[in-house]
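Here's the letter readout for the chains.
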Amino acid sequence: MSLSVVVAFLVLAVTVVFAALVAGVAGVLHCLDGATLPAAATTAASVFTAVFAASAAALTLLTSWVST
């Protein structure tokens, strides 16, 4: 395995962990606001998807900018 592949997997892992952390915080805050557990889980899932997509887009832009 080349170094670039290892770095790509590490960046993907950090992105997923960051998205999960933000989604977990959003879910907990939604629960503390009085929402039911299914509503909080739905909020956390949608936040995870949004943060993961935004992070992937930002990493793509950064990668293309650095490689030029």
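The preceding data block contains the structure.
Each residue is numbered by its place in its chain's sequence as written, counting from 1. Only residues with pLDDT of at least 70 are given local features in this predicted model, and only at 80 or more are side-chain atom pairs given and counted; all residues enter the totals for whole chains, interfaces and linings. Computation of side-chain values: all heavy atoms of the structure, hydrogens and water removed.

Novice: Got a minute to help me understand the overall build of the chain in this structure?
Specialist: Strands are runs of DSSP state E lasting at least two residues, helices are runs of H or I lasting at least four, and both sets are numbered from the N terminus onward. Counting its regular elements, the chain contains two helices and zero strands. Radius of gyration: C-alpha atoms only; globule rule: 2.2 Å multiplied by the number of residues to the exponent 0.38. The C-alpha atoms of the chain give 15 Å as radius of gyration, which overshoots the globular expectation for 68 residues (11 Å, by more than 25%). When its C-alpha atoms are laid out on the principal axes, the chain stretches across 50 × 25 × 15 Å. Accessible surface area values rest on a Shrake-Rupley calculation with a 1.4 Å probe, where residue burial reflects the displayed protein chains alone. Surface exposure of the chain reaches about 4900 Å², of which carbon and sulfur atoms provide 82%.

Novice: I'm lost on helix H2 (residues 37-67) in this one. Help?
Specialist: Helical geometry note: an α-helix holds 3.6 residues per turn, so side chains three or four residues apart project in the same direction. Over its 31 residues, H2 runs 44 Å from end to end, which matches the ideal 45 Å to within 8%, given 1.5 Å per residue. Buried residues are those whose accessible area, probed at 1.4 Å on protein chains only, stays under 20% of the maximum for their type, while exposed residues exceed 50% and partly exposed ones sit between those limits. If you check which residues of H2 are buried, you get Ala40, Ala44, Val51 and Ser55. Expected span of a helix, by definition, is 1.5 Å for each gap between consecutive residues, and there is one gap fewer than residues.

Novice: Help me understand a nonpolar patch on the surface in this model?
Specialist: Where nonpolar side chains cluster on the molecular surface, the patch consists of Met1, Leu3, Val5, Val6, Val7, Phe9, Leu10, Val11, Leu12 and Val16 and spans about 930 Å² of accessible area. By the element assignment, Leu10 lies in helix H1 (residues 3-32). Each patch groups residues whose relative accessible area exceeds 30% and which form no salt bridge, using 9 Å between like charges and 5 Å between nonpolar side chains of Val, Leu, Ile, Met, Phe, Trp and Tyr. Should a side-chain nitrogen of Lys or Arg be within 4 Å of a carboxyl oxygen of Asp or Glu, the pair is scored as a salt bridge.

Novice: What should I look at first to understand the packing of aromatic side chains in this one?
Specialist: Side-chain rings of Phe, Tyr and Trp (the six-membered ring for Trp) are treated as a pair once their centres are within 6.5 Å; stacked means planes under 30 degrees apart, edge-to-face means over 60, and tilted covers the remaining angles. Using the criterion set out here, one finds one aromatic pair in the structure. Ring centres of Phe48 and Phe52 lie 6.1 Å apart, and the angle between their planes is 10°; on these two criteria the pair is classed as stacked. Here Phe52 and Phe48 lie together in helix H2, a separation of four residues that amounts to about one turn. Residue Phe48 is classed as partly exposed on the basis of its relative accessible area, which comes to 29%.

Novice: Is there a simple way to explain the packing of H1 against H2 in this structure?
Specialist: When two helices pack together, you describe them by how their axes are tilted relative to each other and by the distance separating the axes. Angles run from 0 to 180 degrees between N-to-C directions of axes, and those axes are lines fitted to C-alpha atoms, restricted for helices to the stretch in contact. Where H1 contacts H2, the two axes come as close as 8 Å, and the packing angle between them is 150°. Between H1 and H2, the angle is such that the two are roughly antiparallel. H1 and H2 meet at a crossing whose hand is right-handed. In these notes the angle categories are as follows: under 35 degrees is roughly parallel, over 145 is roughly antiparallel, 65 to 115 is roughly perpendicular, and the rest is oblique. Here a crossing is taken to be left-handed if its near helix is turned anticlockwise relative to the far helix by less than a right angle, and right-handed if that turn runs clockwise.

Novice: Explanation requested: the environment of Ala13 in the structure shown.
Specialist: Along the chain, Ala13 turns up in helix H1. Residues Ala13 and Gly24, eleven residues apart in the sequence, show an inter-C-alpha distance of 16 Å.

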